[in-house]
Amino acid sequence: MDDGRFIVTPKSGSQVISTYAVDNNNTNARNQASTNNQPLTIRADLQEYNSNTEVASGRGNVQLSYPSGQIKATAAQAQFFNRERRIILSGNVYILQEGRNSIRGETVTYLIDEGRFVATPKSGGQVESIYILDDANGNTQPSKAPSTPNLRRSN
């Protein structure tokens, strides 16, 4: 009986690397992406792909790269749902987007067509997001603090 699953385990001390094509023909996905039709790459200690459900899973020291969404991530586990066009990362998740914005949480779901993240913390914890904002002049560097005026002593 063929259930459509492929399970790949690496040689001792190495990881499995898998690459998946993500079609960005959806208008919202195109607007979110600076470079279209670049593959999603998952590195992990163990990977499984089910060709019937089109779900790819990686477990252990997961590293994910999705250039079309300008996303790099690390986690304990990752699942890519091709039909639903979503990625679920779990276990000490760290995501870096556009090389400057970041999210940390226990579980993060990325909805590819919407370009949206949904993050949840560990029980009793919080999610941390850091966004680098451009100032009104388009600068991303922090502005220099104004000078403190000289104070005059009065006797």
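Everything that follows concerns the structure shown earlier in this document.
Summarised in this report is the structure supplied together with it. Everything numeric here is computed off the predicted structure, so don't read it as measured data. (Residues numbered from 1 in each chain as written. Predicted model: local features only at pLDDT ≥ 70, side-chain atom pairs only at ≥ 80, totals over all residues. Heavy atoms only, no water.)

## Here's the deal with the overall build of the protein chain
Operational definition: Helix and strand labels come from DSSP, where a helix needs a run of H or I of at least four residues and a strand needs a run of E of at least two; each type is numbered from the N terminus. In this scheme, a residue with accessible area under 20% of its type's maximum is buried, one over 50% is exposed, and one in between is partly exposed, where area comes from a 1.4 Å probe on protein chains only. Whether two residues are in contact is decided by their heavy atoms: any pair within 4.5 Å suffices. The method behind every accessible area is Shrake-Rupley, applied with a 1.4 Å probe, and residues are considered shielded solely by the protein chains displayed.
Counting its regular elements, the protein chain contains one helix and 10 strands. When its helices and strands are written in sequence order, the protein chain yields β-β-α-β-β-β-β-β-β-β-β. Burial status across the protein chain gives 32% buried among its 155 residues. Looking at the protein chain alone, contacts between residues at least 24 apart form 46% of all its contacts between residues at least 6 apart. Accessible surface for the protein chain amounts to roughly 10200 Å². Of this, 46% is attributable to carbon and sulfur atoms.

## A few points about the environment of tyrosine 94
Mapping tyrosine 94 onto the fold places it in strand S7 (residues 86-97). For the pair tyrosine 94 and threonine 107, spaced 13 residues apart in sequence, the C-alpha to C-alpha distance is 9.5 Å. Contact partners of tyrosine 94, with chain neighbours within four places excluded, come to Lys72, Ala73, Thr74, Ser102, Ile103 and Arg104.

## Things to note about the environment of alanine 75
As for its placement among the helices and strands, alanine 75 is situated in strand S6 (residues 71-81). Alanine 75 gets classed as buried once you look at its relative accessible area, which sits at 8%. Remark: the alpha-carbon pair of alanine 75 and arginine 59, spanning 16 residues in sequence, is separated by 8.5 Å.

## Things to note about the packing of aromatic side chains
Worth spelling out the cut-off: Aromatic contacts are taken between Phe, Tyr and Trp rings whose centres are within 6.5 Å, Trp giving its six-membered ring; a plane angle under 30 degrees counts as stacked, one over 60 as edge-to-face, and the others as tilted. Placement of a positive charge over a ring is assigned whenever Lys NZ or Arg CZ falls within 6 Å of the ring centre and within 35 degrees of the normal to the ring plane.
Scanning the entire structure with this criterion turns up two aromatic pairs. Relative to tyrosine 110, the ring of tyrosine 66 lies with its centre 6.5 Å away and its plane at 65 degrees, an arrangement referred to as edge-to-face. With tyrosine 66 in strand S5 (residues 55-66) and tyrosine 110 in strand S8 (residues 101-111), this pair connects stretches of sequence that are 44 residues apart. As far as the burial class goes, tyrosine 66 and tyrosine 110 line up, both buried. An angle of 40 degrees between the planes, with centres 4.7 Å apart, marks the rings of tyrosine 110 and phenylalanine 117 as tilted. Taking relative accessible area as the criterion, tyrosine 110 reaches 5% and is therefore assigned buried. Put simply, the rings of Tyr66, Tyr110 and Phe117 pair up and form one aromatic cluster. Here the guanidinium or amino end of arginine 86 rests over the ring plane of phenylalanine 81, the centre of that ring lying 4.1 Å away.

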